[in-house]
Amino acid sequence: QVQLVESGGGLVQAGGSLRLSCAASGLTFSNYAMAWFRQAPGKEREFVARINRNPGNTYYGDSVKGRFTISRDNAKNTVYLQMNSLKPEDTAVYYCAADRRQIWAGYAVTSEYDYWGQGTQVTVSS
């Protein structure tokens, strides 16, 4: 069955960096667009970033543009999220998601995605 397993979360001070990883299995990774979402307590799940399958166009939520970078390694079936200049408002559970469709709009909607990981906690202290 399909599994998406996130790792790399933790506690970091404001201004610091973290790199999240999401290892995929049970699917043909290169055929899927991959994305990161996040959810803070009491808030809705929010789009963070997406990378399409080849060519790997990338898209970012407004709150993370210029600070976060999404990338993928198809040989390792892994998608990454490099997070720099972290802020306390970045504190959330971060989820990766897989989408079998190659789209260039409407990608920020959770219902677009076919598979989800269990999430990894990121906490940014001030």
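Preceding block: the structure.
Residues numbered from 1 in each chain as written. Predicted model: local features only at pLDDT ≥ 70, side-chain atom pairs only at ≥ 80, totals over all residues. Heavy atoms only, no water.

> Explain the pairing of strand S11 (residues 120-125) to me, and be specific about the residues and the numbers.
Residues Thr-120, Val-122 and Val-124 point to one face of S11 and are all buried, whereas Gln-121, Thr-123 and Ser-125, pointing to the other face, are not buried. Bridge count between strand S2 (residues 10-13) and S11: 4 bridges; the pairing is parallel. By the bridge assignment, Val-12 is partnered in S11 with Val-124. Where strand S9 (residues 92-99) and S11 come together, 3 bridges link them in antiparallel fashion. The residue bridging Ala-92 from the neighbouring strand is Val-122, located in S11. (Buried < 20%, exposed > 50% of the residue type's maximum accessible area, 1.4 Å probe, protein only. Helix = DSSP H or I, 4+ residues; strand = E, 2+ residues; numbered from the N terminus. Pairing = 2+ DSSP bridges.)

> If you had to explain the sheet that holds strand S3 (residues 18-25) to someone new, which residues and values would you point to?
Spatially, S1-S3-S8-S7 is the arrangement adopted by the 4 strands of the open sheet, whose pairing is antiparallel. At either end of the open sheet lies a strand with only one pairing partner, and these are strand S1 (3-7) and strand S7 (68-73). On average, adjacent strands in this sheet sit at an angle of 15° to one another, irrespective of strand direction. Two elements, S3 and strand S8 (residues 78-83), share 6 bridges in a ladder whose sense is antiparallel. By the bridge assignment, Ser-21 is partnered in S8 with Tyr-80. (Axes fitted to C-alpha atoms, helices over the stretch in contact; angles between N-to-C directions.)

> So, the nonpolar core: which residues are in play, and what are the values?
Grouped together as the largest cluster of nonpolar side chains are 28 residues, with contacts concentrated most on Met-34, Trp-36, Leu-81, Met-83 and Tyr-94. At the level of secondary structure, the elements contributing two or more residues to this core comprise S3, strand S4 (33-39), strand S5 (46-51), S7, S8, S9 and S11. Those residues in contact with Tyr-94 that lie beyond four places of it in its chain are Glu-6, Leu-20, Trp-36, Phe-37, Arg-38, Val-48, Phe-68, Leu-81, Met-83, Gly-119, Thr-120 and Val-122. Grouped together as the second largest cluster of nonpolar side chains are 8 residues, Phe-37, Tyr-59, Ala-97 and Ile-103 included. (Core = buried A, V, L, I, M, F, W, Y, C linked by side-chain atoms within 4.5 Å. Contact = heavy atoms within 4.5 Å.)

> Tell me what's going on with the pattern of salt bridges, and back it up with residues and numbers.
Evaluated as defined, the whole model comprises 7 salt bridges. Arg-38 serves as the salt-bridge partner of Glu-46, at 2.8 Å between the closest nitrogen and oxygen. Owing to a relative accessible area of 30%, Glu-46 belongs among the partly exposed residues under this scheme. Arg-38 gets classed as buried once you look at its relative accessible area, which sits at 6%. Asp-90 is the partner of Arg-38 in a salt bridge, and the nearest nitrogen-oxygen pair spans 2.8 Å. Of the two residues, Arg-38 is situated in strand S4 and Asp-90 in the loop between S8 and S9; the sequence distance between them amounts to 52 residues. (Salt bridge = Lys/Arg side-chain N within 4 Å of Asp/Glu carboxyl O.)

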